[in-house]
Amino acid sequence: MIYDLIVIGGGPGGYLASERAGAAGLKTLCIEKANVGGVCLNEGCIPSKTLLHAAKILDYAKNAKKYGVSVENATLDHAAVIKRKEKVVRTLVAGVKAKLKQNNVELVNGSGVIKGRSENGFVVAVADQEYTGQRLLIATGSVPAIPPIPGMKEGLQSGFCITSKEVLDLERVPESLVVIGGGVIGLEMASYYRSAGSNVTVIEMLDHIAGNTDKDISDILMKEYEKKGIVFHLSAKVVKINQDSVEYEKDGKTESVKADKVLVSVGRKADTAALGAESIGLELNRGFVKTDRRMRTNVAGVYACGDVTGEMLLAHVAYRQAEVCINNILGKNDVMRYNAVPSVIYTNPEVAGIGETEKTAKDKGIDAEAVVLSMRYSGRYVAEVEQGNGICKLIVDKKNQRLIGVHMIGSYASEIIYGVAPMIECEMRLEDIKQIIFPHPTVSEIIREGIFEF
Ligand code: NAI
C-alpha cells in the first residue's frame, strides 16, 4: 500500500492535517506513538484548562460574599478535579478518533521512524512494519526542555522534579511547590496549585514573568498572583536541586527554598531525536524542522507543522500550519502568516494578546501609539468583577491609522481576543473598525471604547 500522505504525529497539527487530507480524498496514514490529540489534548491545553476552571470556580465561591452570595466552606477536591480532567480528555480523544475515521484516515499506533526513500516515496517504519508515502508530513511536536542543573536528573528520577505532564496527574496537592520558569506553563500551574492550597514559589531567570507579554500586563498579573500568596523570585537562576530543596542565585547570593515538588517549566524542545531525519537529509535547526512559509522543508515532498517547526509553540498555530501544508500539497496557494496570532494565559484573571506590543512595534521602527483603558470602562466588567483592575491596551500604527496590537488582562480576555484577529489580519483602518457593532453589555466593548480614543 502506497499512501498519498503519511503524517507522523497525531497532535493538533497532525490530526487536523490528516483530517483535511482525508477529506480532500488523499489516501492518508497518521502515525501516533501515544494517544491522538497529542500534548494539547492529553497533557497540555485541555487538561490544564480543566484544572484551571475548577480553580476559577473555587475563587468565585471564596469571593462570593462580595457579590451578595454566601458559600460556606468552599474547598477544592483535587482528586475529583483530576478524575473529571480524565473524563474530559477521554471524550475529546474519542472525538478526534471519530473524525479521523470519518475522513478515512488510517491510524497506526507506534513510533514512526523515517527510513529513507524507495522508488515509490518515503519509507516510514513503525516497529518492523514499513509504510510508504508519496509525501510526508512531520508533526511530532515538542517535549519539555530539561535544563542541565546539578541534581536535576536525580530529581526527575525520584519524582521530586516533575514536568508539565506529571503536574497534571499529581495524586495529591503538594504542600509546597517550587516552579522553575515563570512562563505560560509555570504560571498556569502555579495558579491552579495555589488555589488548590499549595505554597507556591516561582523562580524566574528574567526580571519579569510571562515572557513576551506586554510588561504592564505581566506586572498586573504578578500583583494578582502575589495577592493570592504566590511568591516570586525574579532575576533568579536555579543552580542546584537537592533532595528536598532548590538552590538559586539572586543578586550574587545563593538562596534555598524547600519544596515537596518542583515543576520544571523552562520551555520545550522539538521531538525529533528518534525521527530518522538524517535518512532523508532533512534540515533541522536546534532540533526543530526548518520550513518555509508554505510549511515545506528542504526535502521536496516533505512538510512539517506544529511545535516541531519551532515557530510559535501553540496548538492554534499548529492548526493553521496544518491547513497551509495540506493546501500546498493540493496545489492551492496558501502561505502561513504570524502577524495576528493570539496568545492567552488562562489564569484568573485571564491574559490575552495579539499583534505588536509597544516594544515590538518600536523594534520594527513602526511609529506606534498606545492607548490604555481600564476594563472598568465596560459596564459588564463592573457588574461582574468586584474591585477588578484589568486593563486593555491598544496599539495603533499612526501612519496607516491601523490597529496592530491588543493586549488585555481581565475576564473573558481569552474569548474576546480572536475578534481582534480579523481587524489586524485584514489591515482594517480605525474608521472601519469604528463602524462595527459590538453586543452590549459585554467586556468585548472595551475594544470599541479603545478605538474611539484614537
Ligand atoms: P516559556 O518559554 O513560556 O517559559 C519558560 C520560562 O522559563 C521563561 O520565562 C524563561 O526565562 C524561564 N527560564 C528558563 N530557564 C530557567 C532557569 N534555569 N531558571 C529559571 N527560569 C528559567 O515555556 P513554558 O512555560 O515551559 O511553555 C512551553 C510552551 O508551551 C510555550 O511556548 C507556550 O507557548 C506553550 N504553552 C502555551 C500555553 C497557552 O497558550 N496558554 C499554555 C502552556 C504552554
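How each quantity is defined
- Residues numbered from 1 in each chain as written.
- Predicted model: local features only at pLDDT ≥ 70, side-chain atom pairs only at ≥ 80, totals over all residues.
- Heavy atoms only, no water.
- Domains from an automatic or database assignment.
- Contact = heavy atoms within 4.5 Å.
- Buried area = accessible area lost by both parts, 1.4 Å probe.
- Salt bridge = Lys/Arg side-chain N within 4 Å of Asp/Glu carboxyl O.
- Polar contact = N/O pair within 3.5 Å; in protein donor to acceptor, adjacent residues only side chain to side chain.
- Helix = DSSP H or I, 4+ residues; strand = E, 2+ residues; numbered from the N terminus.
- Nonpolar A, V, L, I, M, F, W, Y, C, P; charged D, E, K, R; others polar.
- Near = heavy atom within 4 Å.
- Buried < 20%, exposed > 50% of the residue type's maximum accessible area, 1.4 Å probe, protein only.
- Disulfide = S-S within 2.5 Å.
- Core = buried A, V, L, I, M, F, W, Y, C linked by side-chain atoms within 4.5 Å.
- Pairing = 2+ DSSP bridges.
- Axes fitted to C-alpha atoms, helices over the stretch in contact; angles between N-to-C directions.
- Patch = residues over 30% accessible without salt bridge, like charges linked within 9 Å, V, L, I, M, F, W, Y side chains within 5 Å.
- Areas by Shrake-Rupley, 256 points an atom, 1.4 Å probe, with all protein chains shown as cover.

### Considerations on the domain arrangement of the protein chain
Inference 1: According to the domain assignment, the protein chain contains domain 1 (2–144 + 269–329), domain 2 (152–266) and domain 3 (343–451).
Inference 2: In this structure, domain 2 and domain 3 have C-alpha centres spaced 29 Å apart.
Inference 3: On the side of domain 3, 15 residues touch domain 2, which itself brings 16 residues to the contact.
Inference 4: Between domain 2 and domain 3 the total buried area reaches about 1200 Å² when both faces are included, carbon and sulfur atoms providing 66% of it.
Inference 5: The largest contributions to the domain 2 side of the interface with domain 3 come from D214, I217 and I220, which together make up 39% of the buried area.
Inference 6: Scanning the region where domain 2 abuts domain 3 turns up 2 salt bridges.
Inference 7: K393 serves as the salt-bridge partner of D214, at 3.0 Å between the closest nitrogen and oxygen.
Inference 8: Seen at the junction of domain 2 and domain 3, the total is 6 residue pairs in polar contact (both at pLDDT 80 or more).
Inference 9: Elements represented by at least two residues in the side of domain 2 that touches domain 3 include exactly α6 (184–195) and α7 (215–228).
Inference 10: Tallying contributions element by element places α7 first for the side of domain 2 that touches domain 3, with 8 residues.
Inference 11: Counted by class, the side of domain 2 that touches domain 3 contains 7 nonpolar, 3 polar and 6 charged residues.

### Side note on the environment of I354
Inference 1: Note that I354 resides in strand β21 (residues 351–355).
Inference 2: Non-local contacts of I354, meaning those with residues more than four positions away in its chain, are made with A340, V341, P342, I404, G405, V406, H407, I417, V420, A421 and I424.

### As for the site of the ligand
Inference 1: Lining the immediate environment of the ligand, one finds 21 residues, of which I185, E188, E204, G267 and V344 sit closest.
Inference 2: Measuring from an oxygen atom of the ligand, one finds a backbone N or O atom of I185 at 2.9 Å.
Inference 3: Contact between the ligand and V344: a nitrogen atom at 2.7 Å from a main-chain N or O atom of the residue.
Inference 4: Along the lines of polarity and charge, the residues of the shell around the ligand split into 13 nonpolar, 5 polar and 3 charged.

### A few points about the pattern of salt bridges
Between side chains of opposite charge, a pair can form as their charged atoms come close.
Inference 1: Evaluation of the coordinates by the stated rule reveals 24 salt bridges.
Inference 2: Of the charged contacts, one joins D271 and K33 as a salt bridge, the two residues approaching to 2.9 Å between their closest N and O atoms. Here the residue D271 occupies a position in the loop between β16 (268–270) and β17 (284–285), and K33 occupies one in the loop between β2 (28–32) and α2 (38–43), the gap between them amounting to 238 residues.
Inference 3: Since its relative accessible area comes to 18%, D271 is described here as buried.
Inference 4: A salt bridge links D244 to K258; its shortest N-O distance comes to 3.3 Å. Of this pair, D244 sits in the loop between β12 (237–241) and β13 (245–250) while K258 sits in strand β14 (residues 253–258); the two residues are 14 residues apart in sequence, bridging distant segments of the chain.
Inference 5: Taking relative accessible area as the criterion, D244 reaches 36% and is therefore assigned partly exposed.
Inference 6: Because the salt bridges share partners, they merge into one network encompassing R20, R320, E323 and D334.

### Quick word on the state of the cysteines
Inference 1: According to the stated counting rule, one finds 0 disulfides in the structure shown.
Inference 2: The closest cysteine sulfur to the non-disulfide-bonded C40 is located on C45, 3.2 Å from its own sulfur.
Inference 3: Looking at C40, the relative accessible area reads 13%, which means it is buried.
Inference 4: In this model C325 remains outside any disulfide bridge; the closest cysteine sulfur is found in C305, 4.6 Å from its own.

### Remarks on the nonpolar core
Inference 1: Judged by nonpolar contacts, the single largest core of 37 residues is most densely connected at Y192 and F232.
Inference 2: Within the residue set of this core, elements represented by two or more residues are α3 (45–62), α4 (78–102), β9 (176–180), α6, β10 (199–203) and α7.

### Focus on the side chain of E19
Inference 1: Turning to its location among the elements, E19 is positioned in helix α1 (residues 12–23).
Inference 2: E19 sits in the buried class, given a relative accessible area of 5%.

### Focus: the pairing of strand β15 (residues 261–264)
Inference 1: Bridging between strand β8 (residues 161–162) and β15 involves 2 bridges; their strand directions are parallel. Directly across from C161, in β15, lies its bridge partner V262.
Inference 2: As paired strands, β9 and β15 are joined by 4 bridges and run parallel to one another. Bridge pairing in β15 places I180 opposite V264.

### Regarding the sheet that holds strand β23 (residues 391–397)
The pairing of strands in a sheet happens through backbone hydrogen bonds and is either parallel or antiparallel.
Inference 1: The 5 strands lie next to each other as β20-β21-β24-β23-β22, forming an open sheet whose pairing is antiparallel. Unpaired on one side and paired on the other, β20 (343–345) and β22 (368–374) mark the two borders of the sheet. When the angles between neighbouring strand axes are averaged without regard to direction, this sheet yields 15°.
Inference 2: As judged from the 3 bridges shared by β20 and β21, these two strands associate in the antiparallel manner. Of the residues in β21, the one forming a bridge with V344 is A352.
Inference 3: Sheet contacts for α7: β20, β21, β23 and β24 (402–409); angle to β24, the most-contacted strand, approximately 10°.

### Examining a nonpolar patch on the surface
Inference 1: On the surface, a cluster of nonpolar side chains totalling about 240 Å² of accessible area is made up of Y67, V69 and V71.
Inference 2: Relative to the elements of secondary structure, V69 occurs in the loop between α3 and α4.

### What to know about the environment of Y193
Inference 1: Following the sequence through the fold, Y193 ends up in helix α6.
Inference 2: Looking at Y193, the relative accessible area reads 0%, which means it is buried.
Inference 3: Between the C-alpha atom of Y193 and that of S176, which follows or precedes it by 17 residues, the distance is 9.1 Å.
Inference 4: In this structure Y193 touches H78, V167, L170, V173, P174, L177, S198 and V200, once residues within four positions along its chain are discounted.

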